[in-house]
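Secondary and tertiary structure notes
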Amino acid sequence: MRAPVSSPLDRRKAERARARAPNGIALCISFAALLLPVCGPLLALGFEAQEKARLPRPRKLDQAIRWQRDPTTGDLRPTAEVGRATGTDQSAGPNPDSIHVDTRLVPVTCSVSTDTGTALPGLGPGDFRIFDDGIEQSISYFDASTLPASVALVIDASPSVLRDSVEMKGAADALVDALAPLDEAAVVDFSAHTYLQLPFSDVRERVRRAVARVDPRQLLGDTGGSNIYEAVYLTARELFAGRSGRKSIVLLTDGQDSGLGLTLDPASASPEAGIRGDRLTFDDVARTLAAEDIQIFAVSTENRPRVMTTEWLTTHRDKTLLTPEARRLAIPPYTLYLAELVRRTGGEIYFLREAETMADAFRRIAQTIRAEYTLGYYPSPASPAAAHRGWHELLVEVAGERSFRVVHRAGYYVPGAN
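Notes on the structure in this doc start here. Everything numeric here is computed off the predicted structure, so don't read it as measured data.

Attention shifts here to the sheet that holds strand β9 (residues 184-190). The 7 strands are arranged β1-β10-β9-β8-β11-β12-β13 in an open sheet whose pairing can be described as mixed. Each edge of the open sheet is held by one strand with a lone partner, namely β1 (59-60) and β13 (348-351). In this sheet, strand β10 (residues 194-201) lies alongside β9 in antiparallel orientation, the contact comprising 5 bridges. Counted as the bridge partner of F190 is T194 from β10. The strands touched by helix α9 (residues 358-370) within the sheet are β8 (150-156), β11 (247-253), β12 (294-300) and β13, with β12 carrying the most contacts at an inclination of about 165 degrees.

Structure follows, in structure tokens:
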């Protein structure tokens, strides 16, 4: 078959097209060169954003950890480092507004509200009085929520909370959205073991992705129970070391711990004599949180015990809930110990079944954190309690006002010398 014969007109069109081709390519190259100074930085920002969004691999915080109690001081100390986290997401950069204070300064974080529960802003250092073991102290440091807060989300990923896991993660996202722009958040999940999903970061997208990565189905093979209080202890020890300012742990759990053997007998919270003393106890967890001024905001997926009203908890703020009376009040031990940890650290306890959504409770937690005050004092040398190790009882009041509700940790713990 013969090829079709092109007309003179077709041949002239083809020649003109070939003549234009080199100039067209040159024009494209010139145009690209003009765009490079503009597009180059944009592409670099895109790669940087992608790198920031990338999460570190989860790290087991209780890897090869062993417990040993000091026979002299009675303090519990891990005998091996567990690969301490820096506590900060390095991609977020250092926080230029962080403060560093003398370790002898005793910081006390507190919230103040009216009798209707409305947070009370605008107070100054002269509006507060603070007492250490009953002796009034001089306030040397004051901050009204101007510095960033450090908030660790500790999420129960054990099989017992599988049905609530989707709502729990949605609520955690609501908390992240409600934090102040410079606040930093970290994400930890646990079942039998404790996993660091993300160190402290102020990059919200990274925090959301870390929350989304929490999946109880992935820990179904993580047998050995649900070690709630060990997860809290490791989070406090590994993530908050060296951090200052307002520090909080938001704990999402059903409260049913299987690691410490807690019962309605108050003695189950304390160390035992002999070889069984070399294990973590509830009192060890409370001491660590109190020593670092870390608040616990607990959200329980269980029902609130009938007697445990807000008024009842307020009435019992100044005394332990771990009494023989709890047995006749029909308070389950797993809820009793959550409430006691909250009481000792100056936080709040919420119940999922009461809120319209769990996200509502988390927004309230974020609002509380954003409206807190931090007071600091150097214990008066004249105080007989100033130098002693062990528990110190704290009391913070708004001067001249009895109707205001002031929530703060019940005391602080001074560990023995190493």
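The next thing to look at is the pairing of β9. With respect to burial, β9 is a largely interior element, 7 of its 7 residues being buried. Here β9 shows two buried faces, one formed by E184, A186, V188 and F190 and the other by A185, V187 and D189. By the bridge criterion, 7 bridges tie β8 to β9 in an arrangement that is parallel. Following the sheet pairing, D156 is matched in β9 by F190.

In this fold, T301 is placed in the loop between β12 and α6 (310-315). Each residue touching T301, except ones within four places of it in the same chain, is listed here: V161, D164, M168, T253, D254, L352, R353 and M358.

Here the focus is the sheet that holds strand β16 (residues 405-408). Taken in spatial order, the 4 strands make up an open sheet running β7-β14-β4-β16, and their pairing is antiparallel. Strand pairing shows two members of the sheet lacking a second neighbour, β7 (139-143) and β16, which therefore form its edges. For this sheet, the mean inter-axis angle between neighbouring strands, taken without regard to orientation, is 30 degrees. Bridge analysis of strand β4 (residues 106-113) against strand β14 (residues 373-377) gives 5 bridges, and the strand direction is antiparallel. Looking at the pairing, P107 lines up with G376 of β14.

Where helix α4 (residues 228-239) contacts helix α5 (residues 282-292), the two axes come as close as 10 Å, and the packing angle between them is 30 degrees. Here α4 lies roughly parallel to α5, going by the angle between them. Both α4 and α5 take part in a crossing whose hand is left-handed. Across from Y229, V232, Y233 and A236 in α4, the residues of α5 making contact are F282, D284, V285, T288 and L289. Partitioning the contact of α4 with α5 into residue classes produces 7 nonpolar, 1 polar and 1 charged.

So, on to the environment of R204. For R204, the location among the structural elements is in helix α3 (residues 204-213). Measuring from C-alpha to C-alpha, the distance between R204 and E184 comes to 8.7 Å, with 20 residues separating the pair along the chain. Not counting residues within four places of it along the chain, the set of residues in contact with R204 comprises V176, L179, A180, P181 and D183. Within the structure, the side chain of R204 is placed 3.1 Å from the backbone oxygen of D183, a separation counted as a polar contact.

What counts, and where the lines are drawn
Residues numbered from 1 in each chain as written. Predicted model: local features only at pLDDT ≥ 70, side-chain atom pairs only at ≥ 80, totals over all residues. Heavy atoms only, no water. Pairing = 2+ DSSP bridges. Helix = DSSP H or I, 4+ residues; strand = E, 2+ residues; numbered from the N terminus. Contact = heavy atoms within 4.5 Å. Axes fitted to C-alpha atoms, helices over the stretch in contact; angles between N-to-C directions. Buried < 20%, exposed > 50% of the residue type's maximum accessible area, 1.4 Å probe, protein only. Parallel < 35°, antiparallel > 145°, perpendicular 65-115°, else oblique. Left-handed = near helix turned anticlockwise from the far one by under 90°. Nonpolar A, V, L, I, M, F, W, Y, C, P; charged D, E, K, R; others polar. Polar contact = N/O pair within 3.5 Å; in protein donor to acceptor, adjacent residues only side chain to side chain.

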